[in-house]
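Structure assessment
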Amino acid sequence: MKVKKKKEVEEVCLLEPVKDPFGLVIFGASGDLTRQKLIPALYNLYHNRLLPDNFFIVGAARSRFTDNGYRDVLKETLKGKDLWDEFSRHVFYTQIEYSDASSFVSLQRRIKTLERRFATEGNRLFYLAVPPQITAQIVEMLGAGGMNKVRGWKRIVVEKPFGWDLASARDLNGVLHRYFTEDEIFRIDHYLGKETVQDILLFRFANSIFEPIWNRNFIDHVQITAAETVGVGKRAGYYDKAGVIRDMFQNHIFQLMSLIAMEPPAVFDPARIREEKVKVFRSVRQITRAEIPEYIVFGQYIQGEVDGTVVPGYRDEEGVRKDSHTPTFAAMKIHVDNWRWQGVPFYLRSGKRLKRRVTEVSIHFKPVPHSIFRHQLSEEIAPNVLVFRIQPDEAIELSFQTKMPGTRLCFREVNMNFSYRQQGFYLPEAYERVLMDCLRGDHLIFVGQEGVEKAWEFFTPVLEFLDKGKKLIFHIHDYRAGTWGPLEAEEFIRRDGRYWWVN
Ligand code: NDP
Ligand code: BG6
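Remember, predicted model here, so these are calculated numbers, not experimental data. (Residues numbered from 1 in each chain as written. Chains lettered and ligands numbered in written order. Predicted model: local features only at pLDDT ≥ 70, side-chain atom pairs only at ≥ 80, totals over all residues. Heavy atoms only, no water.)

Observations concerning the site of ligand 2
The line we're drawing: Nearness is defined per residue: one heavy atom within 4 Å of the molecule or strand is enough. The term polar contact refers here to a pair of N or O atoms within 3.5 Å; inside protein, the definition further demands a hydrogen-donor-capable atom paired with an acceptor-capable atom, and it admits residues adjacent in sequence only when both atoms are side-chain atoms. With residues, only the protein chains shown are counted as cover, and all accessible areas are computed by Shrake-Rupley using a 1.4 Å probe.
Taken together, K37, K160, H190, Y191, K194, E228, R235, D247, H252, K352 and Q391 form the complete shell of residues around ligand 2. One of the side-chain nitrogen or oxygen atoms of H190 is found 2.8 Å away from an oxygen atom of ligand 2. For ligand 2, an oxygen atom lies 2.8 Å from a polar atom in the side chain of Y191. In the complex, the protein chains occlude 85% of the 390 Å² of accessible area that ligand 2 would expose alone.

As for the packing of helix 6 (residues 135-144) against helix 7 (residues 166-179)
Angle between the axes and distance between the axes: these two values describe a pair of packed helices. Stated precisely, the cut-off is as follows: An axis is simply a line fitted to the C-alpha atoms; with a helix, the fit covers only the stretch in contact. Between two such axes, the angle follows the N-to-C directions and lies from 0 to 180 degrees. Helix and strand assignments come from DSSP, with helices taken as H or I runs of at least 4 residues and strands as E runs of at least 2, each series counted from the N terminus. These descriptions rest on fixed angle ranges, namely under 35 degrees for roughly parallel, over 145 for roughly antiparallel, 65 to 115 for roughly perpendicular, and the rest for oblique. Left-handed describes a crossing in which the near helix is turned anticlockwise from the far one by less than a right angle; the clockwise case is right-handed. Only heavy atoms matter for contacts: two residues are in contact if any of them lie within 4.5 Å across the pair. By the convention adopted, Pro, Cys, Tyr, Trp, Phe, Met, Ile, Leu, Val and Ala count as nonpolar, Lys, Arg, Asp and Glu as charged, and the other residues, Gly among them, as polar.
Running from N to C, helix 6 and helix 7 point in directions that differ by 15°, and their axes come no closer than 9 Å. Between helix 6 and helix 7, the interaxial angle falls into the category roughly parallel. Crossing geometry of helix 6 relative to helix 7 is assigned as left-handed. Residue-level inspection shows T135, A136, V139, E140, G143 and A144 of helix 6 in contact with helix 7, the latter providing L172, V175, L176, R178 and Y179. Looking at the contact of helix 6 with helix 7 residue by residue, the class counts come to seven nonpolar, two polar and two charged.

Some points on the pairing of strand 3 (residues 91-95)
What counts, and what does not: Each residue is assigned to one of three classes by its accessible area relative to the maximum for its type, calculated with a 1.4 Å probe on protein chains only: buried under 20%, partly exposed between the two thresholds, exposed over 50%. Pairing between strands is defined by DSSP: at least two bridges between them are needed.
Most of strand 3 is tucked away: four of the five residues are buried. Pairing geometry for strand 2 (residues 55-61) and strand 3, over five bridges, is parallel. In the strand pairing of strand 3, I57 is matched with V91.

A look at the environment of L259
Positionally, L259 belongs in helix 9 (residues 236-261). Given a relative accessible area of 3%, L259 falls into the buried group. Spatially, the C-alpha atoms of L259 and L201 are 6.6 Å apart, while their sequence positions differ by 58 residues. Once residues within four sequence positions are removed from consideration, L259 is found in contact with L192, V197, I200, L201, R204 and K277.

Some thoughts on the nonpolar core
In summary, soluble globular proteins display a tendency toward joint burial of nonpolar side chains. Let me state the cut-off plainly: Within this scheme, the nonpolar core is defined by two criteria: the residues are buried Ala, Val, Leu, Ile, Met, Phe, Trp, Tyr or Cys, and they are joined through side-chain atoms within 4.5 Å.
Counting residues in hydrophobic clusters, the biggest one holds 154 residues, and the most contacted among them are F27, I245, M257 and F388. No other element matches the 15 residues that helix 9 contributes to this core. In contact with F27, not counting residues within four places along its chain, are A60, I96, Y98, F104, L107, F126, Y127, L128, A129, V130, I138 and L142.

Side note on the packing of helix 9 against helix 13 (residues 449-466)
For the pair helix 9 and helix 13, the least separation of the axes is 10 Å and the interaxial angle reads 150°. With respect to each other, helix 9 and helix 13 are oriented roughly antiparallel. The interaxial crossing formed by helix 9 with helix 13 has right-handed handedness. Facing helix 9, whose interface residues are I245, R246, F249, Q250 and F254, helix 13 presents V452, A455, W456, F458, F459, V462, L463 and L466. When its residues are assigned to classes, the contact of helix 9 with helix 13 shows 11 nonpolar, one polar and one charged.

Notes on the packing of aromatic side chains
For the record, the criterion: In this scheme Phe, Tyr and Trp rings, the latter by its six-membered ring, pair at centre separations within 6.5 Å, and the angle between planes marks the pair as stacked below 30 degrees, edge-to-face above 60, and tilted otherwise. Only when the NZ of Lys or the CZ of Arg is both within 6 Å of the ring centre and within 35 degrees of the ring normal is a charge said to sit over the ring.
Inspection of the entire model under this criterion finds 29 aromatic pairs. Three or more aromatic residues link up through ring pairs in this structure, and these residues are F22, Y43, Y46, F55, W84 and F87. A cation over an aromatic ring shows up here: K194 above the ring of Y191, its NZ or CZ 4.7 Å from the ring centre.

Brief notes about the pattern of salt bridges
Quick note on the threshold: We define a salt bridge as a contact between a side-chain nitrogen of Lys or Arg and a carboxyl oxygen of Asp or Glu at a distance within 4 Å.
Enumeration over the complete set of coordinates arrives at 31 salt bridges. Between R204 and E211 there is a salt bridge whose closest N-O contact spans 3.4 Å. Residue R204 shares its accessibility class with E211, and that shared class is buried. Put simply, E228 and K352 hold a salt bridge, and the shortest N to O gap is 2.7 Å. Here K352 lies in the loop between strand 12 (345-351) and strand 13 (358-365) and E228 lies in the loop between strand 7 (219-227) and helix 9, a separation of 124 residues in the sequence. Linked by salt bridges that have partners in common, E16, R433, D437 and R440 make up one network.

Right under this line is the structure:
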């Protein structure tokens, strides 16, 4: 069999340009996601000549902006970018009230004018970058106004969390299917657009040496950490209602977990991959409401210091209720009840305003069964750890023991390290990949409805527990901004004889 050389592989693997002309309509265009991620990603694609000549972007939200006023806001994020002026000629803004049908009529008129001006052949991509409570309403309005009736193709992108809970996720799916076919719906989890996350599957299933040890016989436990240094910022309108479970666990963290735990599909195909992930979600042992204090620790940040700057506590952030019980941190232990993973705990944690920004999956192997060095060494031999560093300093690392040079017998832990950046790879931002795939109609990295619902099913008792509001006060522990979360989270894992681990 011919194995491709490195250069050949790199050439084949470059992002494929979008060929179809298109009009992109972003709802929630005044928000953080649009400013910080979507527009910069679109700019990069434009800069790298990956967008067609004929395209336009129209932002829609309740805030009032003129086209130029909106461009000025976006320019702030893209300061100094050489092609900004050229790119910004494709960007427009329309103010909208989501409950007002006449707003959608005006938007439709605007889109039609832009379609003629940019000759986009009626291809439309709708992007819902809004808090999940208003997603269904927007889809209804789009449908009622006939905006889904187009001359070319139409697609709709729904941000995570998909729905608000199990019932609303099902309702939202029903509403979407009234106006769009399944092929036209893209449920986003941008973590799946990260190169390092995609590499988990390749690493597992394109190397023969890991799969035989990827199970309860060799693995002691798995940890997933998604730690952020940022606070809630200007997103309290969304976040204070969502909290860390809806914001990170139901989607990003569960997706990461499923990639680690899934069985190999027979072929690398979106439907088969989704099926395997759903099987994992089905196998996750349900945590009942009564068991929550044993399995989950919640936290909320208080004033502290991050990167040398004093930052306010969560309740003092703009737009957050002074008596908010929204958790900004959670640590939990879950079990995947199947043959492969029986008895192997998965420890998951995520939070805002933590000590360091790092997202990592670590696979902790079992210690050696018998130490032949026990008479010479006082300490135990540290087990091997395999790390997928999702960000920053994207890497895959394997730690192992070696002998320290010298006459005395001493051990030294060293790392075998594959660093994406040191190898000189350009890592496209997740949103570049995600947008490219929507524009090309490729479903590989998007999430299926069944997986979404299974994840909500698992988290329903947790959300019900949290929704008990004030009574919860004893269960949400304070943690100082700039630390690794509440001390209770440390004790929680130490009880199992383990400790949190980030490289
Ligand atoms: P924001 O809080 O910035 O809200 C986005 C926009 O939605 C706001 O600008 C606001 O615009 C509008 N909005 C807010 N609250 C309401 C409301 N109650 N009713 C109607 N409109 C409202 O959120 P983000 O942009 O951060 O997030 C939007 C979605 O994107 C969320 O689902 C989030 O999970 C997802 N996401 C965000 C990421 C990020 O980094 N920010 C990353 C990945 C996903 P206006 O008032 O002008 O209408
Ligand atoms: C989003 C969450 O989905 O992911 C944000 O809504 C979070 O709260 C963000 O900050 C983290 O994404 P990334 O790519 O910066 O790790």
